[in-house]
Structures are given as C-alpha cells and as structure tokens.
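Now for the letters of each chain:
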Amino acid sequence: MKKVLFGLVLIGGLFALSSCSKECNCVGKYQGEVKYEQRITLDDGEKCSDSDFYMNILGQQIEIKCSPVLF
C-alpha cells in the first residue's frame with residue numbers, strides 16, 4: 001500500500017512541476033510523419049495546449065502537439 005501511495009505522490013509531483021514549466025516541446029506532423037520539432041517559450045498565462053493544432057483537408061492531416069518540458 002505504501003508503494004502505491006508513493007507512486008501516486010511521485011506522479012502528482014511530476015504533474016505539478018510540469019504545470020509551472022515556461023517551455024514546451026512542439027512536434028509537427030504531416031500525415032502522421034514527424035516533420036519538425038521545436039521548443040517554444042510561453043508568455044504569462046499561456047499553456048502548452050494553447051499551441052495545439054489539428055487540420056484535415058481533403059484527407060491531408062496536419063497536426064501540431066505541444067507538451068511541457070519537465071526538466
């Protein structure tokens with residue numbers, strides 16, 4: 001039981017630290033294939049998910065997904 005509790009506290013701590021991150025790793029994909037990766041710096045009040053983007057036009061899929069830099 002202690003191991004489970006420790007694991008939950010550790011995972012919660014990682015999420016807490018990632019929410020304070022001011023940088024995000026963004027990955028751009030075209031048709032599911034990674035075309036570029038970029039690290040962006042956020043302004044005050046912004047979240048990484050604010051930069052997410054998805055578009056499907058005539059079967060062509062474009063996606064940008066950003067996630068917080070943990071460390």
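Refer to the structure above for everything that follows.
Quick caveat: nothing in here was measured; it's all calculated off a predicted structure.

In this structure, what is going on with the overall build of the chain? I would like to understand it.
Looking only at helices and strands, one finds 1 helix and 4 strands in the chain. Start at the N end of the chain and walk to the C end: the helices and strands fall as α-β-β-β-β. Per-residue burial for the chain yields a buried fraction of 13% across its 71 residues. Restricting the contact set of the chain to residue pairs at least 6 apart, pairs at least 24 apart contribute 47%. Surface exposure of the chain reaches about 5800 Å², of which carbon and sulfur atoms provide 62%.

How should I be thinking about the state of the cysteines in this particular structure?
Disulfide: a covalent bond formed between the sulfur atoms of two cysteine residues. As enumerated under the stated definition, the model contains 2 disulfides in all. Paired through a disulfide, C24 and C48 show a sulfur-sulfur distance of 1.8 Å. Its torsion about the S-S bond being -85°, the disulfide of C24 and C48 is classed as left-handed. Of this pair, C24 sits in strand β1 (residues 23-30) while C48 sits in the loop between β2 (33-41) and β3 (53-57), and the two are 24 residues apart along the sequence. Between the sulfur atoms of C26 and its disulfide mate C66 the distance is 2.0 Å.

Would you explain the nonpolar core in this entry?
The nonpolar side chains of a soluble globular protein tend to be buried, and buried together. Counting 5 residues, the largest nonpolar core is built from C24, C26, L42, C48 and C66. Those residues within four positions of C26 in sequence are excluded, and the remaining contacts are Y36, E37, Q38, I40, I64, K65 and C66.

Which parts of the structure should I look at to understand the pairing of β2?
When a strand is regular, its side chains alternate between the sheet's two faces. Pairing between β1 and β2: 8 bridges, direction antiparallel. The residue bridging N25 from the neighbouring strand is R39, located in β2.

For this particular structure, what's the right way to read the pattern of salt bridges?
When the charged atoms of two side chains lie near each other, side chains of opposite charge can form a pair. By the definition in use, this model includes 4 salt bridges. For K22, the salt bridge identified is with D44, shortest N-O distance 3.2 Å. Of the two residues, K22 is situated in the loop between α1 (2-19) and β1 and D44 in the loop between β2 and β3; the sequence distance between them amounts to 22 residues. A relative accessible area of 43% means that K22 is categorised as partly exposed. E33 serves as the salt-bridge partner of K35, at 3.5 Å between the closest nitrogen and oxygen.

About the cut-offs
- Residues numbered from 1 in each chain as written.
- Predicted model: local features only at pLDDT ≥ 70, side-chain atom pairs only at ≥ 80, totals over all residues.
- Heavy atoms only, no water.
- Helix = DSSP H or I, 4+ residues; strand = E, 2+ residues; numbered from the N terminus.
- Buried < 20%, exposed > 50% of the residue type's maximum accessible area, 1.4 Å probe, protein only.
- Contact = heavy atoms within 4.5 Å.
- Areas by Shrake-Rupley, 256 points an atom, 1.4 Å probe, with all protein chains shown as cover.
- Disulfide = S-S within 2.5 Å.
- Core = buried A, V, L, I, M, F, W, Y, C linked by side-chain atoms within 4.5 Å.
- Pairing = 2+ DSSP bridges.
- Salt bridge = Lys/Arg side-chain N within 4 Å of Asp/Glu carboxyl O.

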